[in-house]
Amino acid sequence: MTKRLSGAFAAVPLLALFLAQANAAPLDGSAPLVKSCEACHGALGDSRKAYVPRLNGQKKDYILARFRNFLGPFRDKAHASLMTRYAPVGDNDVEMLAQYFSRQTPTPRTGLGTQADAGGEIFLHGAKPALPACATCHGPYGDGLGGTPRIAGQHGPYLAQQLEAFKSGARGATAMDRHTWDMSLEQMQALSEYLANN
C-alpha cells in the first residue's frame, strides 16, 4: 500500500507538468523567450550564420531531445560551452519553444556544389564498406522522421562540422558516431553540399 501511494504521489508532478503544457498558450514571435533564441538562430529560426543550426521546421521531438542533452551529465562538447547558458529554462518553456520552431516553414534544400551529386548518392544509397543510406533514418528528402532530425536545408558548414564532431567523439554518442567512423572528409563534404541551403 505504501509503495502504491508513493508511486501515485511521484506521478503528481508529471501530471501537473502535462496539464501545464496542455493549457499553455502557444508562443508567438514577439515572446521574449523566442527573441532570445532568435538572437542566434535567426528570425523564425532561419539562421543566417553558417555554424548556427536552423530550427525552423525542425522536428519537435528532436529539439526536446537536444535540450535534454544540453542539460545532461554527458552533454556533447560540441555545443556545451554556449548552449548550457541558455538551456536551463523550465520544462514548459522548452515544450513551447519546440512547438514554436517546429511549426515554422523549413528552409528548402538547394543541393548546390561540385560534390552534391556524390552526396546525393550517399544519402539515398549509402556507400561501401559500411555506410548506410542516410535516407533510412532521415527520410527520403532529409525532412526527419520522429525524433530523427530534419537535416535538409541546414547550413553546409554546420552539417560538415557536426559530422566531424560525431566522428571525433566531440558530440555525444548516438547511431551517428558509428556511421561516421569510416566516413572520409570528402564524403562529409559531399553530403553537406547535397543537403545544404547556404
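In what follows, the structure referred to is the one given above.
Residues numbered from 1 in each chain as written. Predicted model: local features only at pLDDT ≥ 70, side-chain atom pairs only at ≥ 80, totals over all residues. Heavy atoms only, no water.

> Please give an account of the overall build of the protein that cites residues and values.
Within the protein, the secondary structure is distributed over 10 helices and 0 strands. Across the protein, helices and strands are ordered from the amino to the carboxyl terminus as α-α-α-α-α-α-α-α-α-α. Sorting the 198 residues of the protein into buried and exposed places 41% on the buried side. Summing over all exposed atoms, the protein offers an accessible surface of approximately 11,300 Å²; the carbon and sulfur share of this is 61%. (Helix = DSSP H or I, 4+ residues; strand = E, 2+ residues; numbered from the N terminus. Buried < 20%, exposed > 50% of the residue type's maximum accessible area, 1.4 Å probe, protein only. Areas by Shrake-Rupley, 256 points an atom, 1.4 Å probe, with all protein chains shown as cover.)

> Can you tell me about the pattern of salt bridges, naming the residues and giving the values?
According to the stated counting rule, one finds 5 salt bridges in the structure shown. Residue aspartate 143 is joined to arginine 150 by a salt bridge in which the shortest nitrogen-to-oxygen separation is 2.5 Å. Owing to a relative accessible area of 34%, aspartate 143 belongs among the partly exposed residues under this scheme. (Salt bridge = Lys/Arg side-chain N within 4 Å of Asp/Glu carboxyl O.)

> Kindly report on the packing of aromatic side chains, identifying the contributing residues and their values.
Applying the stated criterion across every chain, the model contains 2 aromatic pairs. Ring centres of tyrosine 100 and phenylalanine 101 lie 5.0 Å apart, and the angle between their planes is 80°; on these two criteria the pair is classed as edge-to-face. Each of the two residues, tyrosine 100 as well as phenylalanine 101, counts as buried. On the basis of an interplanar angle of 40° and a centroid distance of 5.6 Å, the ring pair of phenylalanine 123 and tyrosine 194 is categorised as tilted. Here the residue phenylalanine 123 occupies a position in helix H6 (residues 116-125), and tyrosine 194 occupies one in helix H10 (residues 185-195), the gap between them amounting to 71 residues. Assessed through its relative accessible area of 14%, tyrosine 194 is described here as buried. (Phe/Tyr/Trp six-rings, centres within 6.5 Å; stacked < 30°, edge-to-face > 60°.)

> Kindly report on helix H5 (residues 91-102), identifying the contributing residues and their values.
In an α-helix, one turn spans 3.6 residues, which is why side chains three or four residues apart end up on the same side. End to end, H5 covers 16 Å across 12 residues, agreeing with the expected 16 Å (1.5 Å per residue, within 8%). Buried within H5 we find Val94, Glu95, Met96, Leu97, Ala98, Gln99, Tyr100 and Phe101. (Expected span 1.5 Å × (residues − 1).)

> Break down the nonpolar core for me, with residues and values.
Formed by 14 residues in total, the largest nonpolar core has its most connected members in Leu27, Val34, Ile63, Phe67, Leu97, Tyr100 and Phe101. Contributing elements (two or more residues each) for this core: helix H2 (32-41), helix H3 (60-71) and H5. The biggest single contributor to this core is H5, with 6 residues. Aside from chain neighbours lying at most four places away, what touches isoleucine 63 is Leu55, Gln58, Ala98, Phe101 and Ser102. (Core = buried A, V, L, I, M, F, W, Y, C linked by side-chain atoms within 4.5 Å. Contact = heavy atoms within 4.5 Å.)

> Give a description of the side chain of asparagine 56 that names residues and reports values.
Topologically, asparagine 56 is positioned in the loop between H2 and H3. Asparagine 56 sits in the buried class, given a relative accessible area of 5%. Within the structure, asparagine 56 has its side chain in polar contact with the backbone oxygen of threonine 105 (distance 2.9 Å). A distance of 2.9 Å separates the side chain of asparagine 56 from the side chain of threonine 107, its partner in a polar contact. (Polar contact = N/O pair within 3.5 Å; in protein donor to acceptor, adjacent residues only side chain to side chain.)

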